[in-house]
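# Examining the three-dimensional arrangement
Next come the chains, spelled out residue by residue.
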Amino acid sequence: NFPCYPVFFEFREGRDRERQLCKAADCLESKDGERETWGGHRGERGGHQEGPCSVTESSRASSGKLYLLEKSRGEVIFGFPGSWSAGEWFSGDPFGEIKVNQQLFPSLKSIGTDEVATVNQAFLRRFEALLRTPSFEAEVKKAVTDNKEVVFTGHSSGGPVAILATLWFLECQRSIPCLTSPRCVTFGSPLVGNRIFSHALRRENWDRFFVHFVMRYDIVPRIMLAPLSSIKQEELQKILHFFNPKSAQFGHEAIARARETSNFFINVLRNVTTVASHAACNMKRCTNPLLETITSFIELSPYRPFGTYVFCTGNGKLVVAKNPDAVLQLLFYSSQLSGETECQNIATRSLKEHLVYNDELKESLEMQNVAYLDSHLQELPLSSNGTAHGEIATIHAALNDLGLSTSARLSLRAAGELEKQKQRNQEKINSHKKAIEERLVSIQKYRIDHAVRRLGYYDAFKQQNYAEDFKANVKRLELAGMWDEIIEMLKRYELPDEFEGRKDWIELGTRYRRLVEPLDIANYYRHLKHEDTGPYLIKARPKRYRFTQRWLEHAERVPSDSRSESCFWAEVEDLKSRGKSFEEQKEKILQLQNDVLGWDQSGEIGKDVFLMKSTFAIWWNSLPCAASLAEKFCDQLQEPSAL
C-alpha cells in the first residue's frame, strides 16, 4: 500500500538537547507480521507489517469504521480514521467544547483550583462510542498482557480519537500499573483540549507520549482556533468532502482552487492571528488595556496544543517543539502569507498538504535534518539574514524554511523566556523550603510543650495566655505569607506545570496543613468570626489549605474532601455552636465519630485532641454517645514528644 518505513519517533533525554529525535528500528521487515481488519476479522498480509503512518493511511481509506488493528512481534498499533461530517467536528457554536468526562479522565483538571479541562465534544463522543465497542478494550488488554508496546495513531480527526484513547490508557494504568507505556502519533490532527488539558498532561508527565506531525500550511491543525460561526458549517463540509477518500470530490482540484476555499483559509487564519497575538501579548506581559477590551467582546478559542510537535517544512526538514506556547506561535507564523498574491496558492496548499504526510515524511526520514527548538528558544537569531553556527545554524535554516519573520522569532523567544521565568519562580519557591521547615519545627515544639501541660495546642492558641502563644501566631502568619505566594503563582500559572505533582511539595504541604490549619481555626473562633461571617469551612477556609489538600487527594487517587483531617476542629466548633440538639445533628456527629476513629488509627490527628481538658473532650463527653470514645480520652499523654 505504501513504502515500508516506520514513521514513529522515540524521544530520548539528551544532555545537550531537551529531546533527541531518533529513527525507530525498522520493524516493518518482520516475517510474522499479522494484521486485523475492521471489526476484528483477521487477515494475513504476507509477512508485511506497517508503521503508524501507513496504518493511518489505511484507516483513512476505511472511514466509517472505528479502528484498524496492526500487530507485530513487539507492538500493537491502533489506527483511527477521520470523520468527514461537519457535525462530528463541531457539536455547536462557537467552539463546541465541553467539560471532560471526569469518570474517564480524572486527571484532566487543575488540581488546586479544581477546574476541569474542556475538550471538543464531538471528538469526545466519537471516543466514547469507541469504548462501547467490546473488541477495542479487549485488544488493548491483550496487548498489555502480552507485554507489547501499544501505539495509538490517527490522521485528521482520527488524531483526537487516538489522543483520547492514549489518555484513557494512561488513566487505566494508574489503577492497574503495567510495564507497557503507550505512544500516540498523529498526522494533521486538529486541537483537542484547552489550556488546562495541556497543563494537566505536562503535570502528569504524560505529554512525552504524544507526537504530532504537522505540515507547514495544513489547515486542519488550525481549524479549531476559529469559531464555527466564522467558517460556516456548509463551507467546512465542502472542505471535508475534499479530504474524504470515499467522496466523489476527494482531492478535487476545483475545490482546492475555489474562491470559497480561499475565504475559508483567510477566515481561519484571521482567528489564528487573534488567538496567537493575544497569547503573545500575555507572554510579553503587555499592559495595554486594549488587550482586555478585545477579549471582552471577541470570544477566543479555548483550544491549545500539547505534546511534541514536528513541523514539516516541505523540503525534507523537520522542526521539533514541545513548549506549548511556542507551538501555538508556530501554528500561526508558519502559515502566514508574504503577500495577497499568494492567497489562492497557499489556500490550495493548505488543503493538499493535509493529504501528503506519507510522502513528505518518507523524504524527511531519509534526510534526517531535524531542528530542536526548546533548548534554544531564547537564543534564536532574530533576522532571517543573520549568521549562526553549530546547532543554532540548523535551527536558523529550518526557521527560514518555515518563513518565520522577526516578529515570529520574538514570540518564540518570549515563549522560551516565560518557561525560564517559571523555572526561576520554582527556584525561588524552593529557596523558601528551609524557612518553612524551621517554622514548622517551631510550631511542632509549641504543640509538644502544651501537651506536657495537659492542654492541646489548639486550645492553648485559642486562649492566648502565654508568650509562646503569641510567638506561635507570628510563625503562623509568616507561613501563611509564604504559602499564599505559592498559591497565587499557581493560580496565575507562573510555576512549572509539574509543580503540583511533585512529591516533596505534596508532603510538605500536607505536613503544613495538618499542623498549622488548626491554629487558623482556633484564631477564627477565638475572635468569634463565625458569628458574623459564618462557619469556617464554608466562608473562611484559605486557599492554601484547599490547594494542599487537593494535592494529596490527587496523588493518592481518593475522592475530593476525603483528606479533611486538618479541618477536624472546624467540624467540632461548627457542631458546638449550632445550638441544636443531639438528635437534630446526630448523623453528622456519628460521622465525625467515625472520622475521628479513622484519623486516629492512621495518625492523621494528634493524641492531644483526646486530652480531658480539650474543647473536643469536654463537648463530646456531654453527648449521649460519649461512651463510644471513652477509652480514647486521657488526662495526660504518655509520650507527648511523639505528637
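Residues numbered from 1 in each chain as written. Predicted model: local features only at pLDDT ≥ 70, side-chain atom pairs only at ≥ 80, totals over all residues. Heavy atoms only, no water.

## Here's the deal with the overall build of the protein chain
This is how it is decided: A helix here means a DSSP run of H or I that spans at least four residues, while a strand means a run of E at least two residues long, and both kinds are numbered starting from the N terminus. Burial classes: relative accessible area under 20% of the type maximum marks a residue as buried, over 50% as exposed, and values in between as partly exposed (1.4 Å probe, protein chains only). A contact between two residues is defined here by any heavy atoms of the two lying within 4.5 Å.
If you tally the helices and strands in the protein chain, you get 26 helices and 16 strands. When the 643 residues of the protein chain are sorted by exposure, 56% land in the buried category. Long-range contacts, defined here as pairs at least 24 residues apart, represent 74% of the contacts in the protein chain between residues at least 6 apart.

## Details of the packing of helix H24 (residues 568-577) against helix H25 (residues 586-602)
Applied cut-off: Axes, fitted as lines to C-alpha atoms, cover a helix only where it is in contact. Angles between the N-to-C directions of the axes lie from 0 to 180 degrees. Each angle receives one of four descriptions, namely roughly parallel if under 35 degrees, roughly antiparallel if over 145, roughly perpendicular if within 65 to 115, and oblique otherwise. Helix crossings are classified by the rotation of the near helix relative to the far one: an anticlockwise turn of less than a right angle makes the crossing left-handed, while a clockwise turn makes it right-handed. Here the nonpolar group is Ala, Val, Leu, Ile, Met, Phe, Trp, Tyr, Cys and Pro; Asp, Glu, Lys and Arg are the charged ones; every other residue, Gly included, is treated as polar.
Contact geometry for H24 and H25: axes closest at 11 Å, N-to-C directions at 155°. Classed by the angle they form, the pair H24 and H25 counts as roughly antiparallel. Note on packing geometry: the crossing formed by H24 with H25 is left-handed. Facing H24, whose interface residues are Phe568, Glu571, Val572 and Leu575, H25 presents Lys588, Ile589, Leu592, Val596 and Trp599. Classifying every residue of the contact of H24 with H25 by side-chain character gives seven nonpolar, no polar and two charged.

## Structural notes on the pattern of salt bridges
What counts is decided by this rule: Salt bridges are defined as contacts in which a side-chain nitrogen from Lys or Arg sits within 4 Å of a carboxyl oxygen from Asp or Glu.
Scanning the entire structure with this criterion turns up 41 salt bridges. Residues joined by salt bridges that share partners form a network here, namely Arg174, Arg203, Glu204 and Arg557.

## Digging into the packing of aromatic side chains
The test is simple: Only rings of Phe, Tyr and Trp enter the pairing, Trp through its six-membered ring, and a pair is recorded when the two centres are within 6.5 Å. The plane angle decides the type: under 30 degrees is stacked, over 60 is edge-to-face, the rest tilted. The criterion for a charge sitting over a ring is simple: Lys NZ or Arg CZ within 6 Å of the ring centre, and within 35 degrees of the ring normal.
Tallied over the entire structure, the rule returns 36 aromatic pairs. Here tyrosine 446 and tyrosine 457 contribute two aromatic rings whose centre-to-centre distance is 6.5 Å and whose plane-to-plane angle is 65°, an arrangement assigned as edge-to-face. Placement of tyrosine 446 in helix H17 (residues 433-452) and of tyrosine 457 in helix H18 (residues 457-463) is noted, with a sequence separation of eleven residues between them. Three or more aromatic residues joined by ring pairs make a cluster, and in this case those are Tyr458, Phe568, Trp569, Trp599, Phe610, Phe616, Trp619 and Trp620. Above the ring of tyrosine 466, the side-chain terminus of arginine 453 is found at 4.7 Å from the ring centroid.

## Overview of the nonpolar core
Put simply, the test is: Buried Ala, Val, Leu, Ile, Met, Phe, Trp, Tyr and Cys residues that are joined via side-chain atoms within 4.5 Å together make up what is termed a nonpolar core.
Trp89, Ile219, Ile223, Leu236, Phe243, Phe311 and Leu373 are the most contacted members of the largest nonpolar core, which totals 66 residues. Of all the elements, helix H10 (residues 259-283) adds the most residues to this core, at ten residues. Those residues within four positions of isoleucine 223 in sequence are excluded, and the remaining contacts are Trp89, Phe90, Ile231, Leu236, Phe264 and Val268. Ile486, Ile487, Leu592 and Val596 belong to the second-largest nonpolar core, a separate cluster that totals 60 residues.

## Focus on unusual backbone geometry
Generally, phi is negative for residues other than glycine and the peptide bonds are trans, each holding for most cases. Cis geometry marks the peptide bond from aspartate 93 to proline 94, where omega comes out at -10°. Along the chain, proline 94 falls in the loop between strand S6 (75-80) and strand S7 (97-99). Despite not being glycine, arginine 454 has its phi angle at roughly 70°, a positive value. Note that arginine 454 resides in the loop between H17 and H18.

## Points about the pairing of S6
Rule in force here: A pair of strands is considered paired only if DSSP assigns at least 2 bridges between the two.
Across the six residues of S6, six count as buried, placing the element largely inside the fold. Judged by which residues are buried, S6 turns out to be covered on both faces: Glu75, Ile77 and Gly79 on one side and Val76, Phe78 and Phe80 on the other are all buried. Here strand S5 (residues 68-71) runs beside S6; their pairing, made up of four bridges, is antiparallel. Among the inter-strand pairings, leucine 69 is bridged to a residue of S6, identified as phenylalanine 78. Count of turn residues in the S5/S6 antiparallel hairpin: three residues. Where S6 and strand S11 (residues 149-155) come together, six bridges link them in parallel fashion. Looking at S11, one finds that valine 76 is bridged to valine 150.

## Some thoughts on the side chain of glutamine 585
You can see glutamine 585 is positioned in the loop between H24 and H25. Apart from residues lying up to four places away in sequence, glutamine 585 is in contact with Leu575, Arg578 and Lys580.

## Thoughts on the packing of helix H20 (residues 503-526) against H24
Relative to each other, H20 and H24 sit at 25°, their axes nearing to 8 Å. With respect to H24, the element H20 is oriented roughly parallel. Facing H20, whose interface residues are Pro518, Ile521 and Tyr525, H24 presents Trp569, Ala570, Glu573 and Asp574. Within the contact of H20 with H24, the residues separate by chemical class into five nonpolar, no polar and two charged.

## Remarks on the side chain of arginine 544
The condition that has to hold: Any N or O atom pair separated by 3.5 Å or less is treated as a polar contact, with the protein-specific requirement of one donor-capable and one acceptor-capable atom, and with residues adjacent in sequence counted only for side-chain atom pairs.
By the secondary structure assignment, arginine 544 is in helix H23 (residues 543-556). Here aspartate 520 takes part through its side chain, which lies 2.8 Å from a polar atom of the side chain of arginine 544.

## Topic: the environment of serine 181
Among the secondary structure elements, serine 181 is positioned in the loop between helix H4 (158-175) and strand S12 (183-187). Expressed as a C-alpha distance, the spacing of serine 181 and tryptophan 206, which sit 25 residues apart in the sequence, is 10.0 Å. Beyond its immediate sequence surroundings of up to four residues, serine 181 is in contact with Glu149, Val150, Gln173 and Phe209.

## Thoughts on the confidence of the model for the protein chain
Note the cut-off: Per-residue confidence from the predictor is reported as pLDDT, which spans 0 to 100.
With 87% of its residues at a pLDDT of 70 or more, the protein chain shows a mean pLDDT of 87. Ignoring residues within four places in sequence, the model shows residues 1-49, a span with pLDDT below 50, making 125 contacts including any to other chains.

## With respect to H20
Here is the rule: Expected span of a helix, by definition, is 1.5 Å for each gap between consecutive residues, and there is one gap fewer than residues. Given a residue, its bend is the angle between the two axes fitted to the seven residues that end at it and to the seven that start from it.
With 24 residues, H20 should reach 34 Å at 1.5 Å per residue; the first-to-last C-alpha distance of 34 Å fits that figure. Valine 516 marks the point of greatest bend in H20, at about 35°, and the proline proline 518 comes within the next four residues. Buried residues dominate H20, accounting for 18 of its 24 residues. Downstream of H20 by one or two residues, leucine 528 has phi in the positive range, about 55°.

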